[in-house]
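Notes for the structure review
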Amino acid sequence: MTGGLKDGDTEEEFLHSPFIRKQGNIYKPNNKDMDNDSLNEKTMEDVHTKEIDLVNRDPKRINDDVVKVDFEDVIAEPAGTYSFDGVWKASFTTFTVTKYWCYRLLTALVGIPLALIWGIFFAILSFVHIWAVVPCVKSYLIEIHCVSRVYSICVHTFCDPLFEAMGKCLSSIRVRMTKEV
């Protein structure tokens, strides 16, 4: 384990060995090759402190199926029944501003408590899935494997000969259909 190649070993096997390093002793603090390696390694990102995108707030597009309601989707005047232009502009502005500020007010009042509730819900869901569901499913699969072996033996022992015998008995039956005109 000094770092040399043995007979028959290739350089590639040597580089990927977890115990032998080309640079030498990993405990030497002045090993420049190893300092460069540590700079090139990926740094782990903390998901709790990652930056969020304030422009694209739906990067995974989970709300594409949600109804996106604009003024034109709700209020429309057919040809020949137009209101005054000022009323139409005021209606558009009133609808748009009301929708905008009501949404902001509701998210300010209810968004944080709902975020807390959904965070608790998904934490509980993750906990139950990790600590209860997956172990139960794995246990079930292990236990059902034993049952499936016993079931398979019973089928091969009792049902296979019965159905094989019935198949041989009924194999001589021929059905012939003719169409009379």
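Rules used in this analysis
- Residues numbered from 1 in each chain as written.
- Predicted model: local features only at pLDDT ≥ 70, side-chain atom pairs only at ≥ 80, totals over all residues.
- Heavy atoms only, no water.
- Helix = DSSP H or I, 4+ residues; strand = E, 2+ residues; numbered from the N terminus.
- Buried < 20%, exposed > 50% of the residue type's maximum accessible area, 1.4 Å probe, protein only.
- Contact = heavy atoms within 4.5 Å.
- UniProt positions renumbered as here; feature names shortened; annotations may be inferred.
- Expected span 1.5 Å × (residues − 1).
- Bend = angle between axes of the 7 residues up to and from the residue.
- Salt bridge = Lys/Arg side-chain N within 4 Å of Asp/Glu carboxyl O.
- Phe/Tyr/Trp six-rings, centres within 6.5 Å; stacked < 30°, edge-to-face > 60°.
- pLDDT = per-residue confidence, 0-100.
- Lys, Arg positive; Asp, Glu negative; His and termini not counted.

**A short note on the overall build of the protein**
What the protein contains, in helices and strands, is four helices and zero strands. Mapped from its N terminus to its C terminus, the protein presents α and β elements in the order α-α-α-α. For the protein, buried positions account for 3% of its 181 residues. Considering only contacts within the protein whose residues lie at least 6 apart along the sequence, 12% involve residues at least 24 apart.

**A look at the UniProt feature "transmembrane region" (unreviewed entry) in the protein**
In this numbering, the UniProt entry assigns the feature "transmembrane region" (unreviewed entry) to residues 105-132. Regarding residues 105-132, the helix share stands at 100% and the strand share at 0%, and the terminal C-alpha atoms are separated by 39 Å.

**Section: helix α4 (residues 85-170)**
A rise of 1.5 Å per residue sets the reference length of α4, with its 86 residues, at 128 Å; its end C-alpha atoms lie only 86 Å apart and thus fall more than 12% short of the reference. When the local axis directions of α4 are compared, the greatest deviation, roughly 45°, occurs at V110, which is followed within four positions by the proline P113.

**Regarding the pattern of salt bridges**
Applying the stated criterion across every chain, the model contains two salt bridges. One salt bridge connects K99 with D70, and the closest N-O pair in it is separated by 3.8 Å. You can see K99 sitting in helix α4 and its partner D70 sitting in the loop between α2 (32-40) and α3 (71-74), a full 29 residues away along the chain. Measuring nitrogen to oxygen at the nearest pair gives 3.8 Å for the salt bridge that ties K168 to E164. On the criterion of helical spacing, the pair formed by K168 and E164 is a turn pair, its members being four residues apart in helix α4.

**So, the packing of aromatic side chains**
Applying the stated criterion to the full structure yields seven aromatic pairs. Each ring, one from F71 and one from F92, has its centre 5.4 Å from the other, and the planes form 90°; the classification is edge-to-face. Here F71 is found in helix α3, whereas its partner F92 is found in helix α4, with 21 residues between them in sequence. Here F121 and F122 contribute two aromatic rings whose centre-to-centre distance is 5.2 Å and whose plane-to-plane angle is 80°, an arrangement assigned as edge-to-face. On the basis of relative accessible area, F122 is assigned to the partly exposed category, the value being 46%. Within the aromatic cluster, the residues linked to one another by ring pairs are F71, W88, F92 and F95.

**Comments concerning the confidence of the model for the protein**
Chain-level statistics for the protein give a pLDDT mean of 80 and a share of 73% at 70 or above. When mean pLDDT is taken per element in the protein, α4 scores highest with 94 and helix α1 (residues 11-15) scores lowest with 49. A low-confidence stretch, residues 1-5 (pLDDT under 50), is modelled with nine contacts involving residues beyond four sequence positions or located in other chains. Scored below 50 in pLDDT, residues 11-21 makes 16 contacts in the model with residues more than four places away or belonging to other chains.

**What about the side chain of D58?**
Within the element layout of this structure, D58 appears in the loop between α2 and α3. It turns out D58 is buried and unbridged, and the closest side chain with the opposite charge, R61, is 5.5 Å from it. For D58, the residues in contact, after removing those within four places along its chain, are N63 and D64.

**Looking at unusual backbone geometry**
We note that R61 has phi near 55°; this positive angle belongs to a residue other than glycine. Position of R61 among the secondary structure elements: in the loop between α2 and α3. Accessibility expressed as a relative area gives 55% for R61, which makes it exposed.

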